[in-house]
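This is what each chain is made of:
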Amino acid sequence: MNSIISPSMYILSILFLLSASLTTSSPIQQTSLIQCLSQHSIPLSIIYTPSNSSFTSVLESRAQFPRFTEPSVPKPELIFTPLSESHVQAAVICSKELGIHMRVRSGGHDFEGVSYVSIIEFPFIVLDLTNLRSISVNINDNSAWVQVGATLGELYYRIAEKSNVHGFPAGICPTVGVGGHITGGGYGILLRKYGLAADNVVDAHIVDVNGRVLDRAAMGEDLFWAIRGGGGGSFGVILSWKIKLVAVPETVTVFSVTKTLDTKLLYRWQQVADKLDENLLTRVLMRVTNTSERIVTTTYDGYFLGGADRLVQVMQESFPELGLTRKDYSETSWIQSTLFAYIIPLNTSLEFLLLRNTPSTSFEGKADFVREPIPEFALEELRKRISEEDDPLIVWTAYGGMMNRIPEYQTPFPHRKGTMYKFHYFTNWPKGDKNVAKHMSWIRSLYNYMTPYVSKFPRGAYVNYRDLDLGINKKGNTSVIQASVWGVKYFKGNFQRLVKVKTEVDPENFFRHEQSIPPLVLKR
């Protein structure tokens, strides 16, 4: 089983198997839940149990990482796919009344699968919000209401249908669910100009622990603060976000140039990336591109809100070492640039953004924030380590600009001023790979090696790249001190305020998972 999940999850899975042998799921409990939902006028056609022929396909439809659907991984006792807000209210009310543990899923991109897998508690059900995916764009007041089951690709597509000079600063992967993405912060190619997705939310609808639908005015500013970056699954079920659309020019310029790793050039990028014109975001993709000779390359990508002539000037003034010329730049639209950022050709049909495919490969990912340039000798060691792994990738995403101007306490996401760039480490493997333990060992070793070169006191982490190696909650009850081991890494000083909000809105800890925010004192 450790070839499927991390060692921390593996230990828990042993405990799960032991407890499951003593406490199996209760058919009476499952029946009681279905009866309760039926009393709230919930159609049986959107309730799936393991005996239903569609159960597996529904479970896997938004499970973005195949390793979390393997037979050895615990499965929910029931999947409920609501069609309306009232259905979500019923799910919360019935689950709470019957004491049934619930996980909530929108896009299924959670790095540790905690939105649809529970190892510390059994039995559990999954509330899958796939069907809540309406998007209403209002160009007149530069806003949109978007339900949490919609994907980022769908959101971008609907905005572009209405305007070619409006955009939204969210993530790069089009299949990510809007719901979970914004709860963790959410970053993309507009972050240096406009900050994170969570920085551009002006209202929300949420079902609280009592089954009430609350908007910003009803929930209050503390809870509204907490859900915009405090991580999903702790405070309630988000139904929809009201987002602020941002201005983008008709012409956006992009570039992508790949070079064999040059440590001097990469060191120079570190010195300038967060200081460039804030209309320009650059990132570096470090990987092995020649699998036989294990050649490590760096691809320098750029996304500029403006024309190519102006970008030529910016690069010549600030980063001439990259050696770009006018022919390296391509002018396009903002919506096409979202495809380019996902490494999709610029001439691809925009309908690509509407695909909701589930990948056939798995990966492990970790994140770091860097506040001073990594020395060249360490970059050489990175070259060596990357060349030893089958399919590795490190993404370096520049910060600066607006990220320096938003205070770290304005939302729960704190990694702002002074952060030069963010590291995202990946190792990928195909379904059925027998060497998963080797891949996991490699990325942990790399992460440990990078300790001296990344943020410290605490070493930062990104809650949307959830990492259970940082620590986990205990079944039903974890003290704030125990949770702060991982909580401070994600949220720094904002963790204590998140705990305060949790204590106020969910003191019995109904909404919980392996890394949910715990209440200060658990009330039962």
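Residues numbered from 1 in each chain as written. Predicted model: local features only at pLDDT ≥ 70, side-chain atom pairs only at ≥ 80, totals over all residues. Heavy atoms only, no water.

1. Focus on the packing of aromatic side chains
At step 1: Applying the stated rule across the entire model yields 30 aromatic pairs.
At step 2: Residues Phe377 and Tyr453 carry aromatic rings whose centres are separated by 6.3 Å and whose planes lie at 75° to one another, so their mutual orientation is edge-to-face. Of this pair, Phe377 sits in helix α13 (residues 376-387) while Tyr453 sits in the loop between α15 (436-449) and α16 (480-491), placing them 76 residues apart in sequence.
At step 3: Classification of Phe377 by relative accessible area gives exposed; the value is 57%.
At step 4: By relative accessible area, which is 16% here, Tyr453 ends up buried.
At step 5: Among the aromatic residues, those joined into a ring-pair cluster are Phe65, Phe68, Phe111, Tyr187, Phe363, Phe369, Tyr399, Phe413, Phe426, Tyr462 and Tyr465.
At step 6: One cation-aromatic arrangement involves Lys366 over Tyr447; the distance from NZ or CZ to the ring centre is 5.3 Å.
At step 7: In this structure, Arg459 is placed above the aromatic ring of Tyr447, and the distance from its NZ or CZ to the ring centre is 3.6 Å. (Phe/Tyr/Trp six-rings, centres within 6.5 Å; stacked < 30°, edge-to-face > 60°. Helix = DSSP H or I, 4+ residues; strand = E, 2+ residues; numbered from the N terminus. Buried < 20%, exposed > 50% of the residue type's maximum accessible area, 1.4 Å probe, protein only. Lys NZ or Arg CZ within 6 Å of the ring centre and 35° of its normal.)

2. Structural notes on the domain arrangement of the protein
At step 1: As assigned here, the protein comprises domain 1 (27-128), domain 2 (135-247) and domain 3 (252-331 + 360-450).
At step 2: Between domain 1 and domain 2, the C-alpha centre-to-centre distance is 24 Å.
At step 3: Opposite the 14 residues of domain 1 that make contact, domain 2 presents 20 residues.
At step 4: Summed over both partners, the interface of domain 1 with domain 2 comes to about 1,200 Å²; 61% of that surface belongs to carbon and sulfur atoms. (Domains from an automatic or database assignment. Contact = heavy atoms within 4.5 Å. Buried area = accessible area lost by both parts, 1.4 Å probe.)

3. Topic: the pattern of salt bridges
At step 1: One pass over the full model with this rule turns up 33 salt bridges.
At step 2: In this structure, the salt-bridge partner of Arg268 is Glu321, at a minimum N-O distance of 3.2 Å. Placement of Arg268 in helix α10 (residues 263-272) and of Glu321 in the loop between α11 (308-318) and β15 (330-332) is noted, with a sequence separation of 53 residues between them.
At step 3: Arg268 gets classed as partly exposed once you look at its relative accessible area, which sits at 28%. (Salt bridge = Lys/Arg side-chain N within 4 Å of Asp/Glu carboxyl O.)

4. Topic: the sheet that holds strand β5 (residues 135-138)
At step 1: Taken together, the 5 strands give an open sheet; going across it, the order is β5-β6-β10-β8-β9, and neighbouring strands pair in antiparallel fashion. In the strand order of this sheet, the two ends are held by β5 and β9 (213-214), each with one partner.
At step 2: Pairing of strand β8 (residues 201-207) with strand β10 (residues 237-244), which is carried by 6 bridges, proceeds in the antiparallel orientation. Among the inter-strand pairings, Ile206 is bridged to a residue of β10, identified as Ile238. (Pairing = 2+ DSSP bridges.)

5. Observations concerning the packing of α16 against helix α17 (residues 494-505)
At step 1: α17 packs onto α16 with a crossing angle of 125° between their chain directions and a minimal axis gap of 8 Å. If you check the angle between α16 and α17, you find them oblique. Handedness of the crossing formed by α16 with α17: right-handed. Here Val480, Ala483, Ser484, Trp486, Gly487, Val488 and Phe491 of α16 come into contact with α17, specifically with Asn494, Phe495, Gln496, Leu498 and Val499. (Axes fitted to C-alpha atoms, helices over the stretch in contact; angles between N-to-C directions. Parallel < 35°, antiparallel > 145°, perpendicular 65-115°, else oblique. Left-handed = near helix turned anticlockwise from the far one by under 90°.)

6. As for the UniProt feature "domain: FAD-binding PCMH-type" (unreviewed entry) in the protein
At step 1: UniProt records the feature "domain: FAD-binding PCMH-type" (unreviewed entry) for residues 72-248 in the present numbering.
At step 2: Annotated as 26% helix and 24% strand, the span residues 72-248 places its first and last C-alpha atoms 47 Å apart. (UniProt positions renumbered as here; feature names shortened; annotations may be inferred.)

7. Points about α17
At step 1: Its 12 residues give α17 an end-to-end C-alpha distance of 17 Å, which sits within 8% of 16 Å, the value for a rise of 1.5 Å per residue.
At step 2: Of all the residues in α17, the buried ones are Asn494, Phe495, Leu498, Val499, Val501 and Lys502. Angular distribution of buried residues about the axis of α17 spans 165°; they occupy a single face of the element.
At step 3: On the buried face of α17, the contacting elements are α9 (221-227) and α16. (Expected span 1.5 Å × (residues − 1). Arc of directions from axis to C-beta.)

8. Looking at the pairing of β8
At step 1: With 5 of its 7 residues buried, β8 lies for the most part within the structure.
At step 2: Note: β8 against β9, 2 bridges, orientation antiparallel. Opposite Val207, over in β9, you have Val213 as the bridge partner.
At step 3: Where β8 hands over to β9, the hairpin turn is made up of 5 residues, of which Gly211 adopts a positive phi near 85°.

9. So, the nonpolar core
At step 1: Among the nonpolar cores identified, the biggest contains 164 residues, and Ile227, Trp241, Ile243, Trp269, Trp396, Phe423 and Met450 are the most heavily contacted of them.
At step 2: At 6 residues, strand β13 (residues 280-290) tops the list of elements feeding residues into this core.
At step 3: Those residues in contact with Ile227 that lie beyond four places of it in its chain are Ile182, Thr183, Ala204, Ile206, Met219, Phe235, Ile238 and Trp241. (Core = buried A, V, L, I, M, F, W, Y, C linked by side-chain atoms within 4.5 Å.)

10. A look at the packing of α13 against α15
At step 1: Two numbers describe how α13 lies on α15: the axes approach to 11 Å, and their chain directions differ by 175°. Between α13 and α15, the angle is such that the two are roughly antiparallel. Residues Ala378, Glu381, Leu382, Arg385 and Ile386 of α13 touch α15, and the partners they reach there are Trp442, Ser445, Leu446 and Tyr449.
At step 2: Looking at the contact of α13 with α15 residue by residue, the class counts come to 6 nonpolar, 1 polar and 2 charged. (Nonpolar A, V, L, I, M, F, W, Y, C, P; charged D, E, K, R; others polar.)

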